[in-house]
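# Overview (structure and organization)
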Amino acid sequence: MIRDLAPSVIAKIAAGEVVTRASDAVKELVENAVDAVLARAAADGSAAMPAGAVSIEIGDGGNSRIVIADDGCGIPTDELPAAVRRHATSKIREEADLEALGSLGFRGEALAAISAVADVTIVSAIAGADVGARLVVRDSDVGEVEPHARRRGTTVTVERLFERVPARQKYQRAASAETARIGQLIQQYALAYPEIAFSLMADGRHVLTTPGTGDIRDAASAVVGPEAGRELLALRDPREASDNTVALVAVTGLIGPPALHRATRNGIFLTVNRRPVDSRSLAYALEEAYATQLMVGRHPLAILDITVPAGEMDANVHPTKREVRLLRERLAFGALQRSVRTTLADAVGIPQLGETRGQLAGSLESWDEAPSFAMFPSERVPAEEIDSTRPRLSALRILGQVAMTYIICEGQAGLYLVDQHAAHERVLLERLEHTLGERDRAQLLLEPVAVELPRALRGQLDAYVQTLAGLGFDVEPFGDGEAIVRAVPAALRARDIDRVLVETHEALDAEGVGPDWRERLALLLSCKTAVKAGQRLEVAEMQSLLEQLDEATLCATCSHGRPTAI
């Protein structure tokens, strides 16, 4: 028999789409608080900082108690009951408003969903009111509105989360894990809205406090620490670029130099139109921009906001609003990558001994691990955009070669140690990048070389041949599993090219085929053909290597993220 569900059951089912854990409740309430603070600041027309304050207090990972307080515009007394009704909101009025959202919240689901699985108390007051009001919701029953003392703003208290939903409560994470998740969440909003002063307390102890000065660097210093905050690099405004397409997408924020890296991706903070989002494509664009600048397994520190026209972003694609759909995602991808890459090229120089942050200065020996992300960015950094004031390695006085591995030089800043293999590897990689497809500059081989297709790429002979041709090889298929190489790129040495290709194929087979095998092929070729540790160099060869390294866009590291010089 088909029957209608009871309203209380419907409410709990709907709540499961919005609130699945304590951090979801915190996220929804913090977004409401931020919207209220920004609305108050806009109404007051004040440029004073902070624009407002949002405080968060949690107990037992938010499962026993959550208190969110703000000094925003407040809720009128007669509208308090409507605030906990499903799909009741003051932020949009009609369908067209979804195309130009100016607030974080807009569905009118948060308070109703939380009230269905917890006890909720709301205390709020608006400007000019003699007294505030209090509303209590217990077991989805909305109580009477009562007078209650409060300054302008709103306080929402959530207690006994999921106690009435045992199936959900049983699968909640440990309090420590949920506290960490909430802390990460508040960090994102604190960085997205540096003009708001945030404070977070967990089980009676202070976890995070931001000043609300409006300066992103001040907020970053509070989140990642003052030392790291000072080292962060301000992104160049991509709207300064000459192409008009980038003007449709603006990327602003701070990024860490390659020496400032993390073991996880928790240091990546991405927002779109100041809305914190989870975006695999944008995170990939960021990490690809750092490709060859970081050690394998390390991740950058970045605080980025991507601004697009309001009508080109759809935030209404997921109940939690953590995902957005961009009309011009490829433009956003390219603008982010170009901006980060240009900033790194401008700012990153040779590190000083002891300042490599996890990249041990003594571990410069050759190694052949290949990173798992793309080598060449889709947006190339023009040579004219590189900072001309970068220290010139070609001007250094060469003192000699140590252990036939390091070139020792002297300059105004002191002593320089140049890793000859890492430096030459960087030079070869960038030459491959800048000569893509220029087959007229290839070196003809005295005798063609037959190369067997890597086992991991069986069945992809045409793609393999096209990739080698794109890198500057003169190559053509030969049978079902072999190719004939008649010329190699001018950037690579033609000597022992058959051995180099065999070793490269062995490395590809060991790693297995993946979506980035083309980039890894280029990386491996440059590594295998570069000058090795233990190879004697004449002074003229050392000088030539330094001059070539000077011409590299990103000269500070090799393709594996190791320093080329210290």
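No experiment lies behind these values; they were computed from the predicted model shown.

## Topic: the nonpolar core
The biggest cluster of nonpolar side chains holds 57 residues, and the ones touching the most others in it are Val26, Val30, Ile56, Ile68, Val158, Ile186 and Phe198. Here this core takes eight residues from helix α2 (residues 22–44), the largest share from any one element. If we ignore the near neighbours within four places in the chain, the residues touching valine 158 are Leu29, Ser64, Arg65, Ile66, Ile114, Ala118, Asp119 and Val120. Counting residues in each nonpolar core, the second largest holds 32 residues, with Ile268, Met313, Ala315 and Ala345 among its members.

## Here's the deal with the sheet that holds strand β11 (residues 250–255)
Pairing is mixed in the open sheet, where five strands are placed in the order β10-β11-β16-β13-β14. Of all strands in the sheet, those with a lone pairing partner are β10 (233–234) and β14 (275–276), marking the two edges. Relative to strand β16 (residues 302–307), β11 runs antiparallel, the two being bridged by six bridges. Following the sheet pairing, valine 251 is matched in β16 by isoleucine 306. Sheet strands touched by helix α6 (residues 175–192): β13 (268–272), β14 and β16. Its angle to β13, the strand with the most contacts, is close to 55°. Its contacts with the sheet place helix α10 (residues 329–347) against β10, β11 and β16, and it is angled at close to 40° to β11.

## Things to note about the environment of proline 300
Counting through the fold element by element, proline 300 comes out in strand β15 (residues 299–300). C-alpha of proline 300 to C-alpha of tyrosine 290: the two residues are ten residues apart in sequence and 7.4 Å apart in space.

## Notes on α6
Across its 18 residues, α6 extends 26 Å between first and last C-alpha, which sits within 8% of the 26 Å expected from 1.5 Å per residue. In terms of burial, α6 is a largely internal element, 13 of the 18 residues being buried.

## Some details on the sheet that holds strand β23 (residues 474–478)
Pairing within the open sheet is antiparallel, and its three strands lie in the order β22-β24-β23. One side of each edge strand has no neighbouring strand; the edge strands of this open sheet are β22 (443–452) and β23. Mean inter-strand twist for the sheet, computed between neighbouring axes without regard to direction, equals 15°. Inspection of the sheet shows β23 paired to strand β24 (residues 482–488) by five bridges, in the antiparallel sense. Across the sheet, glutamate 476 pairs through a bridge with isoleucine 484, a residue of β24.

## So, the packing of aromatic side chains
For the structure shown, the criterion picks out one aromatic pair. Where tyrosine 284 meets phenylalanine 333, the ring centres are 6.2 Å apart and the plane angle is 35°; that geometry is what we call tilted. Of this pair, tyrosine 284 sits in helix α9 (residues 280–289) while phenylalanine 333 sits in helix α10, placing them 49 residues apart in sequence. Given the relative accessible area of 38%, tyrosine 284 is considered partly exposed.

Conventions used here
- Residues numbered from 1 in each chain as written.
- Predicted model: local features only at pLDDT ≥ 70, side-chain atom pairs only at ≥ 80, totals over all residues.
- Heavy atoms only, no water.
- Core = buried A, V, L, I, M, F, W, Y, C linked by side-chain atoms within 4.5 Å.
- Buried < 20%, exposed > 50% of the residue type's maximum accessible area, 1.4 Å probe, protein only.
- Helix = DSSP H or I, 4+ residues; strand = E, 2+ residues; numbered from the N terminus.
- Contact = heavy atoms within 4.5 Å.
- Pairing = 2+ DSSP bridges.
- Axes fitted to C-alpha atoms, helices over the stretch in contact; angles between N-to-C directions.
- Expected span 1.5 Å × (residues − 1).
- Phe/Tyr/Trp six-rings, centres within 6.5 Å; stacked < 30°, edge-to-face > 60°.

Any functional reading would require information that these geometric values do not contain.
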